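Here's the letter readout for the chains.
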Amino acid sequence: MAHYALVTLVIKDQEKLAAYLKVGGPAVAKHDGKAIAGGPESLALQIPHGETKGVVLEFPSADHITAWLDDPELANVHALRNEAADTTILSLPSIG
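Residues numbered from 1 in each chain as written. Predicted model: local features only at pLDDT ≥ 70, side-chain atom pairs only at ≥ 80, totals over all residues. Heavy atoms only, no water.

J.: Looking at this structure, I do not really get the sheet that holds strand E1 (residues 3-11). What am I missing?
T.: Remark on secondary structure: sheet strands pair via backbone hydrogen bonds, oriented parallel or antiparallel. Within the open sheet, the four strands sit side by side as E2-E3-E1-E4. Their pairing is antiparallel. Of all the strands in the sheet, just strand E2 (34-39) and strand E4 (85-93) have a single pairing partner and so form its edges. Here the strands of the sheet are splayed against their neighbours by 20° on average, with no regard to which way each runs. Across nine bridges, E1 lies against E4 in antiparallel orientation. Across the sheet, Ile11 pairs through a bridge with Ala85, a residue of E4. Its contacts with the sheet place helix H1 (residues 14-29) against E1, E2 and strand E3 (52-59), and it is angled at close to 170° to E1. (Pairing = 2+ DSSP bridges. Helix = DSSP H or I, 4+ residues; strand = E, 2+ residues; numbered from the N terminus. Axes fitted to C-alpha atoms, helices over the stretch in contact; angles between N-to-C directions. Contact = heavy atoms within 4.5 Å.)

J.: Explain unusual backbone geometry to me, please; I cannot follow it from the model alone.
T.: Among all residues except glycine, the phi angle is most often negative; among peptide bonds, the trans geometry is most common. The phi dihedral of Asp32 falls on the positive side, at around 60°, and the residue is not glycine. Tracing the backbone shows Asp32 in the loop between H1 and E2.

J.: I'm lost on the packing of aromatic side chains in this one. Help?
T.: In total, this model carries one aromatic pair according to the counting rule given. Both rings, one in Phe59 and one in Trp68, keep their centres 5.5 Å apart while their planes meet at 35°; by these two values the pair is tilted. Here Phe59 matches Trp68 in class, with each residue buried. (Phe/Tyr/Trp six-rings, centres within 6.5 Å; stacked < 30°, edge-to-face > 60°. Buried < 20%, exposed > 50% of the residue type's maximum accessible area, 1.4 Å probe, protein only.)

J.: How should I be thinking about the nonpolar core in this particular structure?
T.: Soluble globular proteins: nonpolar side chains tend toward being buried together. Residues Val7, Leu9, Leu57, Phe59 and Trp68 are the most contacted members of the largest nonpolar core, which totals 18 residues. For this core, the elements supplying multiple residues, two or more each, are E1, H1, E3, helix H2 (62-70) and helix H3 (75-84). The residues touching Val7, leaving out its near neighbours within four places in the chain, are Lys53, Gly54, Val55, Leu57, Trp68, Thr87, Thr88 and Ile89. (Core = buried A, V, L, I, M, F, W, Y, C linked by side-chain atoms within 4.5 Å.)

J.: Just to check I follow, could you spell out the pattern of salt bridges for this structure?
T.: Working definition: two side chains of opposite charge can pair if their charged atoms are close together. Evaluated as defined, the whole model comprises five salt bridges. Across the pair Lys16 and Glu83 runs a salt bridge, and its minimum N-O distance is 3.3 Å. Of this pair, Lys16 sits in helix H1 while Glu83 is found in helix H3, placing the two residues 67 residues apart along the sequence. The exposure class assigned to Lys16 is partly exposed, which follows from its relative accessible area of 32%. With a relative accessible area of 41%, Glu83 lands in the partly exposed category. One salt bridge in this structure joins Asp71 and Lys30, with 2.7 Å as the shortest N-O distance. A residue pair is termed long-range when its members are at least 10 positions apart, and Asp71 in the loop between H2 and H3 and Lys30 in the loop between H1 and E2 qualify at 41 residues. Through salt bridges that share partners, Lys30, Asp71 and Glu73 make up one connected network. (Salt bridge = Lys/Arg side-chain N within 4 Å of Asp/Glu carboxyl O.)

Laid out in structure tokens, this is it:
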């Protein structure tokens, strides 16, 4: 059953975010994930903490999400994301 990662980013550094966006997609794809909604053009409707972007990622399972986040080969990609933005990642099971 599909499992989703909801990623929200409160932007700290636009240049680093641009650099992350170039490598973030391939890092997700490495663990059989894909973006299904959101991205750079997402629109924050309530913004409590600054400019916010978001994306919904689909993975085959929760284990794939954990593998993506824990992959030592992607540590620099995750570090770049965290330098670019204060990041929250929620693991969401499919409903139904």
